[in-house]
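Coordinates in review
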Amino acid sequence: MHVPDGFFDAPTSVATGLIAAGAVGFSLQRANREIRETGPALAGLTAAFVFAVQMVNFPVGAGTSGHLLGGALAAALVGPWSAVLVMSTVLLVQGLLFADGGLTALGTNITLMGLITVLVGYFVIRTVLQVLPKRVGSVVPATTLGALVSVPVAALAFTGLYAIGGAVDIPLGKLATAMVGWHILVGLGEAVITAAVLSAVVATRPDLVYAARHLQPDLVLVDADGNSSTVSPDRPIAAKPTGRTLGVGIAATLLVAGVVSLFASAHPDGLEFVGARLGFDGAAKDSAVAGSPLADYGVSGIGNAQVSGALAGIIGVLVTIAVGLTIAKVASLRSSRADKAA
Amino acid sequence: MTGSAGDGLLVVADSRIHRLPAQVKIVALFVFVLAVVSTPAGVFWAFALYGALLVWCVVLAKLPPLVVMRRLAVETPFVVFALVLPFVATGPRVEVLGVSLSQSGVLGSWNVLAKGTLGVVAAIVLSATTGPRALLAGLERLRLPSTLVAILSFMVRYLSVVSDDLQRMRIARESRGYRGGRAGHLKAIAGGVGALFVRSFERGERVHLAMQSRGYTGRMPLLSESGAARVQWVEGLAISLAAVVIAVTARVVGL
């Protein structure tokens, strides 16, 4: 189904080229964080997998066989944006390395087979998953339907492109009927193969299926006392502290810093002690902030050494909390912005 | 497919075209195909000249004609489409051997066949004279986003590994009696493909961890050291520029 050169007129080819370039750029941006985390090797191997799978002939029944296009399958396995990249990579390699699909038609091919099948497939998957029970297994029927729908939609898009930039006038109704009719059959084959492949993956490594990630069953944690609690695998296990636990934590820390430090040993710590014994304590230069009001864990201007130490501890804890919260705030702002941008 | 899947259609030989930098060849191919596509279908002499230019390229590149012919098979679905066109297209009709054909359909059929074939042959010249690594270096030189080049390079590098994996699984499956062809075997084949995905995915994870343990920081080393010399650009683009001249002449002069 790779469109060759000259099938569509130049303006159509240029337009679809721009669409494809835009889609690839957008997907690169959206998948950027994921690719930085998992590395380009993973995406490259997924592309090699899709390429290899397109060479496998499946028996579809009645003595015929078909092969997979893989748009909906890739969307379910690695997510829509990575899938667009993977499919585009496959088409680029097919066009440049195997002379399959014209170079001026590369944009058309990416738009039809890399963009439309993936996005339509993923849209159907997400929609169907809303209806089906919240189980990992639901991803198989959802993706099957996605595969079934994505192929005729791509054929319809092909007809649309032909209406805009086809070289010859053929009755569009006839072309659309023929293309969609034929590709419903192709889509049926695609659906059967996709279902079989995806259920094999779900059976062995359900955690790898992108579209089923939020469907993973809740983890049940049992602590030492036998109390069990459930945790969603989506969320990081360390739950966000509530206001009350945060308050208790700060109070405890202040207590330790301010009160317990009153009873802390006035002796030098181990390293200072050994340094003094060996005679190199002079080598330890005071830090640049040695002149600061809190230097050497005391508040300057307060005579009582113990009260001074306790105050220094409390102020230190408060400053640390403030700095920590600021950093956390900035980090979460940045990551949520990155989330939005990604 | 002969040889290792990761090599594409490369025909190992030493020729002027083999020695050209890949980025020059990619641009030359693109310009050539663009010239072909924008030529009106009715100007037959232009297509004859394009064909002659391409034949000259094939000879220059020392490509066996049989390899080129065999590779043309990728066009088949659209040849079928092109052959159906004269029967279904609308417009004034002509009688050929007693069969009523659409005039625009015949021209359209010729249009698809001629342009498609020229495009495929031109692409075969590129892929048969350029190794995958050189091609990636060329794409990098042409400012393809580095992430995409990295993905492409891993795909090309592991293509033969994944294909071999698939081959071994096929042998294992067939030695258990699943020879394919019957719908009942679908499950066995699909199970193999599912396992292939898991294997590829896990290999990708291992490769990434291995890269990180060797100091990968998110930047791939550049594939190409130096750009193409001006002489090489001129040499590589000569044929494409000839094609552009033909295309412009065809537009101006017509038949």
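Throughout, a residue's number is its position along its own chain's written sequence, starting from 1. Whichever chain is written first becomes A and whichever ligand is written first becomes 1, with later ones labelled in order. Local features in a predicted model are, by the rule used here, given only for residues with pLDDT of at least 70; side-chain atom pairs are given and counted only at 80 or more, and totals for whole chains, interfaces and linings are based on all residues.

**Some points on the overall build of chain A**
What counts is decided by this rule: Counting from the N terminus, the helices are DSSP H or I runs at least four residues long and the strands are E runs at least two residues long. Any residue with 12 or fewer other C-beta atoms within 10 Å of its own C-beta is exposed, any with 20 or more is buried, and the rest are partly exposed; the C-beta atoms used are placed from the backbone.
The secondary structure content of chain A amounts to 10 helices and four strands. Seen in sequence order, chain A has helices and strands lined up from the N terminus as α-α-β-β-α-α-α-α-α-β-β-α-α-α. Burial status across chain A gives 41% buried among its 342 residues.

**Some details on the overall build of chain B**
Helix and strand counts for chain B stand at 10 helices and two strands. Considering chain B as a whole, with its 255 residues, one finds that 42% of them fall into the buried category.

**Re the environment of A:Thr127**
Residue and element names in this part refer to chain A. Among the structural elements, threonine 127 can be located in helix 5 (residues 106-131). Given 12 C-beta atoms within a 10 Å radius, threonine 127 is considered exposed. Separated by 98 residues in sequence, threonine 127 and glutamine 29 place their C-alpha atoms 24 Å apart.

**Description of the interface of chain A and chain B**
A common way to report how large an interface is uses the accessible area buried once the components associate. The criterion, for reference: The contact rule is simple: place each C-beta atom from the backbone, and if two of them lie within 7 Å, those residues are in contact.
Across the boundary between the two partners, chain A contributes 60 residues, which contact 75 residues of chain B. Elements that contribute at least two residues to the side of chain A that touches chain B include exactly helix 1 (10-38), helix 2 (40-53), strand 1 (58-61), helix 4 (80-97) and helix 7 (172-204) of chain A.

**Considerations on helix 4 of chain A**
Residues and elements named next belong to chain A. To be explicit about the condition: In this analysis, the expected span of each helix is defined as 1.5 Å times one less than the number of residues it contains.
With 18 residues, helix 4 ought to run about 26 Å at 1.5 Å a step, and its terminal C-alpha atoms sit 25 Å apart, in line with that. Helix 4 sits mainly inside the fold: 18 of its 18 residues count as buried. Looking one or two residues past helix 4, alanine 99 carries a phi angle of roughly 55°, positive in sign.

**A word on the pairing of strand 3 (residues 219-222) of chain A**
Residue and element names in this part refer to chain A. What counts, and what does not: In this description, strands pair whenever DSSP reports at least two bridges between them.
By the bridge criterion, four bridges tie strand 3 to strand 4 (residues 228-231) in an arrangement that is antiparallel. Its bridge partner lying in strand 4, leucine 221 is registered against serine 229. The hairpin turn running from strand 3 into strand 4, its antiparallel successor, is five residues long, and glycine 226 in that turn takes a positive phi close to 90°.

**Focus on the packing of helix 3 (residues 71-78) of chain A against helix 6 (residues 139-165) of chain A**
Think of two packed helices as two axes; the pair is described by the angle between the axes and how far apart they sit. Residues and elements named next belong to chain A. To be explicit about the condition: Lines are fitted to the C-alpha atoms to define the axes, a helix being fitted only along its stretch in contact, and any angle between axes, read from their N-to-C directions, falls within 0 to 180 degrees. By convention, the crossing between two helices is left-handed when the near helix turns anticlockwise from the far helix through less than a right angle, and right-handed when the turn is clockwise. Three categories are distinguished: nonpolar for Ala, Val, Leu, Ile, Met, Phe, Trp, Tyr, Cys and Pro, charged for Asp, Glu, Lys and Arg, and polar for the others, with Gly belonging to the last.
With their axes 8 Å apart at the nearest point, helix 3 and helix 6 run at an angle of 145° to one another. As for how helix 3 packs across helix 6, the hand of that crossing is right-handed. Within the contact between the two elements, helix 3 uses Gly71, Ala72, Leu73 and Ala76 and helix 6 uses Val139, Thr143, Gly146, Ala147 and Ser150. For the contact of helix 3 with helix 6, the per-class residue count stands at five nonpolar, four polar and no charged.

**With respect to the domain arrangement of chain B**
Selection criterion: Domain segmentation is taken from an automatic or database assignment of domains.
What the domain assignment lists for chain B is domain 1 (5-137 + 227-253) and domain 2 (145-213). Taking only C-alpha atoms into account, the centre of domain 1 of chain B sits 33 Å from that of domain 2 of chain B.

**What about the packing of helix 7 (residues 132-141) of chain B against helix 8 (residues 146-175) of chain B?**
Residues and elements named next belong to chain B. Quick note on the threshold: Roughly parallel refers to an angle under 35 degrees, roughly antiparallel to one over 145, roughly perpendicular to one between 65 and 115, and oblique to any angle outside these ranges.
At a minimum axis distance of 10 Å, the contact between helix 7 and helix 8 shows a crossing angle of 175°. Comparing their axes, helix 8 and helix 7 come out roughly antiparallel. Where helix 7 approaches helix 8, its residues Pro132, Leu136, Leu139 and Glu140 are matched on the opposing element by Val149, Leu152, Ser153 and Val156. Tallied by class, the residues present in the contact of helix 7 with helix 8 amount to six nonpolar, one polar and one charged.

**Some thoughts on helix 1 of chain A**
Filter applied, for reference: Fitting axes to the seven residues ending at a residue and to the seven starting there, one defines the bend at that residue as the angle between these axes.
Most pronounced at A:Ala31, the bend in helix 1 of chain A amounts to some 55°. Regarding helix 1 of chain A, the residues found buried are A:Ser13, A:Thr16, A:Ala20, A:Ala23, A:Val24, A:Ser27, A:Leu28, A:Ala31 and A:Ile35. Residues of helix 1 of chain A that are buried in the fold lie against helix 2, helix 4, helix 5 and helix 6 of chain A together with helix 2 (22-37) and helix 8 of chain B. Taken from the residues just after helix 1 of chain A, A:Gly39 is the one with a positive phi, measuring 85°.

**Here we look at the confidence of the model for chain B**
All names here are of chain B. We apply this condition: Think of pLDDT as the predictor's per-residue confidence, scored from 0 to 100.
Within chain B, residue pLDDT values average 83, and 90% of them lie at 70 or more. Confidence, read as mean pLDDT per element, is least for strand 1 (residues 93-96) in chain B (68) and greatest for helix 3 (residues 44-60) (91). In the predicted complex, the global pTM is 0.74; the interface-specific ipTM is 0.86.

**Brief notes about unusual backbone geometry**
All names here are of chain B. A positive phi is found at lysine 62, a non-glycine position, where the angle reads about 55°. Of note, lysine 62 is situated in the loop between helix 3 and helix 4 (65-71). Using a count of 15 C-beta atoms within 10 Å as the deciding quantity, one classes lysine 62 as partly exposed. We note that arginine 143 has phi near 70°; this positive angle belongs to a residue other than glycine. Residue position: arginine 143 is located in the loop between helix 7 and helix 8.

**Description of the environment of A:Thr159**
Residues and elements named next belong to chain A. Within the secondary structure, threonine 159 is located in helix 6. Along the backbone, threonine 159 and valine 231 are 72 residues apart, and their C-alpha atoms lie at a distance of 49 Å. Every residue in contact with threonine 159, bar those within four places of it in the chain, is listed here: Leu172, Leu175, Ala176 and Met179.

**A short note on the confidence of the model for chain A**
All names here are of chain A. Mean pLDDT over chain A works out to 76, with 65% of the residues at or above the 70 mark. Ranking the elements of chain A by mean pLDDT puts helix 9 (residues 270-278) last, at 50, and helix 5 first, at 92. Note on residues 235-241: pLDDT is under 50 here. Beyond four places in sequence and across chains, it has two contacts. Of the regions scoring below 50 in pLDDT, residues 281-286 engages in four contacts with residues more than four places distant in sequence or in other chains.

**Here we look at the environment of A:Leu198**
Residues and elements named next belong to chain A. Along the chain, leucine 198 falls in helix 7. Since 28 C-beta atoms lie within 10 Å of it, leucine 198 is described here as buried. C-alpha separation for the pair leucine 198 and valine 78, spaced 120 residues apart in sequence, amounts to 12 Å. Those residues within four positions of leucine 198 in sequence are excluded, and the remaining contacts are Leu73, Ala76, Val139, Val140 and Thr143.

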